[in-house]
Structures are given as C-alpha cells and as structure tokens.
Amino acid sequence: MPRRLAITGPYQVEILDYAEPLLEAHQVRVKTELASGKHGTTFAMFDGRAFRGQTFDQEMRLFLPDDAPPTGRQGPHNSGTSGVGVVVEVGPDVTRWRAGDRVLGHMDIRETNVCREDRLWELGDIDPELALCIEPAYVSFHCIRESNVRYGDSVLVIGLGALGLLAVRMAAQSGVDRLFAADPLPSRRRWALANGAEAAFDPTEVDVGLEAHRLTGGPGVDVAIELSGAYPALNAALRSVRVGGAVCSAGFYQGEAHGVWLGREWHHNRLTMVVPHGCGWGHPPRDYPLWDERRAEDAIVSLMRQGKLTAPGLITPVVPLDEGPEVFRMIREEPDRVIKYAVRF
C-alpha cells in the first residue's frame, strides 16, 4: 500500500499506509515527487488554545461559546500543503491534463495525491523546490498587497519562517527603500540578509522597535509585517511603525494576549492594523473582485516561471519519507536547522 506522513496526535507524526480512492469527475492522480507542509501553524493548533471553548459561526463571522467539551486536535490529519509530481491517471471529464504531465499544486505528503484538475499548474521549468512555496507565498503575497507596501517605503518583517522570508523577498522586489527583518534564529536572519534585508535583528538581544526607529533616523518604518504569531512580536511591530503607519498582523496568535500594549504606540501614533487575506478563512481578498484566489495563485506561479519570484535555499531540509518524523523532532528541538522542510519520494 502507498504511504503518507500523517499527524496522529499532539506533536506526533507517523508514516501510515492508505488506500487509493477511485477518481471522480475532474480529478487526477499525481505520483508525488516532492512535497512539503507548514509546521508553525500546525504546531500552534495542537493544543487548541486559539479556539478553546469557542466555535466560529461562519454566517455571523463570530466566535460563540461551544457547549461541547474541548477535545484538542485528533489524528490522523494530513501534514502537507504543496507538492510536485507526475500525472499518472485522469478521471472522467478531465480536459486539462494527461498522464505524464509534470504539475505543481496543493498536495499532501503522500506517495500519490488526488487533485482537482483546476487546482494544478504546469511545472515546466520552475524549480521543484521553489514550486513548493506556492502555499506560503500566497499569504506573503497578500501581506505585501494588503498592507499597501509601496515603492520607496521602509518595511520591517518580524518572524522569518517561510511566510516571513518570502515576504522579505517580495518586499525587496517591490522597490522598498529600507528593509529590515527580525527573528531569533541565525539561519533565518542570514537568509533575509542574502535576499534583500539590509539589517536583521535578534529580538532576544535588541529592542526591535527601537532599532527600527534608530535606523530610520527616528520616525520608524512605514509598514511592519508580523508573522511569528507571538504577542511580544506583535507589540514590537506596533512600536516600530511611524505615525500613521500600518501593522500587518498575519501571525496565528494563541491564547489571550499578553505583552501587547494598546495604550502606548498603538494609541499615540494612530496606527492601522491589517489582517491580510490568506489568514483565517471564508473571505475574499480586500480588492475582490479585481483579485480572487485563482488570480493570486496564477500570478505567483507566473512570477516563479519568469524567474522574478525566487527563494534559493529556502526549502531545507529535504529528506526521504522515512525521515519525516525526525524532521518534526528537529522543528521542536533544533529549529535553526529547519526553515521549510520537504519530503522527496
């Protein structure tokens, strides 16, 4: 039987067998070559602190008390978000693909993936490792667009996982004048410096907000993008922005807020906070219908194909399936060795 890397419980990842399903209309089966998942949000959801005792009402867009006792995250769950592979079978009514086509798209970390034909793109000459960035790049893309980063602006990105590092790369390509980054892990700061940031701070050693003001001659940055999901990092973002500036709050925050002071810089500097599309669910981009999910993903793939969107060395480590559980141990115990992992089949 084919195998997959599955989340089976809190901080537990196992290799499991699975049965191949029959293809339905407009579905294709892809033999996976390379696949990746996100681990920041996944780890944050394990203990359920974000939603504990609450259920989100989609119609009212409001969290309401949940009478059911909290159960936590139960497995097995998919571990993957994006993949590259070869079409090996097409279902009824498929017109876009045929066996032998190499594709990229949203996939799980498993030996074969069943995908909707309209949720795949031709791989062509795109680097397969870069192609795995389609899912995190979608969030970073909207961080840049919806926080209104403009040519000549000064920008600070806090939290340099895959989302943050891609935001650094996109901000650099957007023509910003000053670009800074912050993260406690050295390997991520080095990547940011090599891909457009002029300075990268360790928030455990310096006051990030103060550094942002110092390096901009006093006023602070125009836009701070926070992607770590840590409340102290959000407060650092609030402290780093100039009067009338914007904070893009894209992290997935857990539990009650501690360390965020809304009576200080937030209040005195008349800041704007934006939660970008791609964070949360059930809503279109702010500039819909001009932009929708498909157009954004098409644009990201096109920018990759043209060589405009690059992420050299972002995918690390790349391991065989049998070493997948070891990567999750590394994420918890040796995080400086992992930025965005991938599994090669």
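Structural data are supplied above this passage.
Presented here is an overview of the structure given in this document. Keep in mind the model is a prediction, meaning the values are calculated, not measured.

**Overview of the pattern of salt bridges**
Move 1: Here the structure, examined in full by the defined rule, presents 24 salt bridges.
Move 2: A salt bridge links E293 to R119; the shortest N-O distance between them is 3.2 Å. Taken together, the residues E293 in helix α9 (residues 293-305) and R119 in the loop between β9 (112-116) and β10 (120-122) connect sequence positions 174 residues apart.
Move 3: Taking relative accessible area as the criterion, E293 reaches 41% and is therefore assigned partly exposed.
Move 4: Classification of R119 as buried rests on a relative accessible area of 18%.
Move 5: We note a salt bridge from R239 to E265, for which the minimum N-O separation is 3.5 Å. Of this pair, R239 sits in helix α7 (residues 231-240) while E265 sits in helix α8 (residues 265-268), placing them 26 residues apart in sequence.
Move 6: The partly exposed category is assigned to R239, whose relative accessible area is 27%.
Move 7: Among the ionic contacts, a cluster of salt bridges with common partners joins E326, R329, E333, E334 and R337.

**Brief notes about the packing of helix α3 (residues 134-146) against α9**
Move 1: For the pair α3 and α9, interaxial distance at closest approach is 10 Å and the crossing angle is 110°. Relative to α9, the element α3 lies roughly perpendicular. On α9, the residues touching I134, A137, Y138, F141 and H142 of α3 are E293, A296, E297, A299, I300, V301 and M304.
Move 2: Partitioning the contact of α3 with α9 into residue classes produces 9 nonpolar, 1 polar and 2 charged.

**Quick notes on the pairing of strand β2 (residues 12-17)**
Move 1: Where strand β1 (residues 3-9) lies against β2, 6 bridges are found, and the strand directions are antiparallel. Within β2, the position partnered with A6 by the bridge is E14.
Move 2: Connecting β1 to the next strand, β2, in antiparallel fashion are 2 residues, including Y11 with a positive phi near 60°.

**With respect to α3**
Move 1: Taking 1.5 Å of rise per residue, the 13 residues of α3 would be expected to cover 18 Å, and the 18 Å separating its terminal C-alpha atoms lies within 8% of that figure.
Move 2: In terms of residue burial, α3 counts as a mostly covered element, since 12 of its 13 residues are buried.
Move 3: Every buried residue of α3 is accounted for by I134, E135, P136, A137, Y138, V139, S140, F141, H142, C143, I144 and E146.
Move 4: Two residues or fewer after α3 comes N148, characterised by a positive phi angle close to 60°.

**A closer look at the packing of aromatic side chains**
Move 1: What the rule picks out here adds up to 4 aromatic pairs.
Move 2: Aromatic side chains Y231 and Y253 sit 5.3 Å apart centroid to centroid with 25° between the ring planes, which places their arrangement in the stacked category. Here Y231 is found in helix α7, whereas its partner Y253 is found in the loop between β15 (241-249) and α8, with 22 residues between them in sequence.
Move 3: Taking the centre distance of 5.5 Å and the plane angle of 70° together, the rings of F328 and Y341 count as edge-to-face. Taken together, the residues span a long stretch of sequence, with F328 in helix α10 (residues 324-333) and Y341 in strand β18 (residues 340-344) at a distance of 13 residues.

Rules of the game
Residues numbered from 1 in each chain as written. Predicted model: local features only at pLDDT ≥ 70, side-chain atom pairs only at ≥ 80, totals over all residues. Heavy atoms only, no water. Salt bridge = Lys/Arg side-chain N within 4 Å of Asp/Glu carboxyl O. Helix = DSSP H or I, 4+ residues; strand = E, 2+ residues; numbered from the N terminus. Buried < 20%, exposed > 50% of the residue type's maximum accessible area, 1.4 Å probe, protein only. Axes fitted to C-alpha atoms, helices over the stretch in contact; angles between N-to-C directions. Parallel < 35°, antiparallel > 145°, perpendicular 65-115°, else oblique. Contact = heavy atoms within 4.5 Å. Nonpolar A, V, L, I, M, F, W, Y, C, P; charged D, E, K, R; others polar. Pairing = 2+ DSSP bridges. Expected span 1.5 Å × (residues − 1). Phe/Tyr/Trp six-rings, centres within 6.5 Å; stacked < 30°, edge-to-face > 60°.

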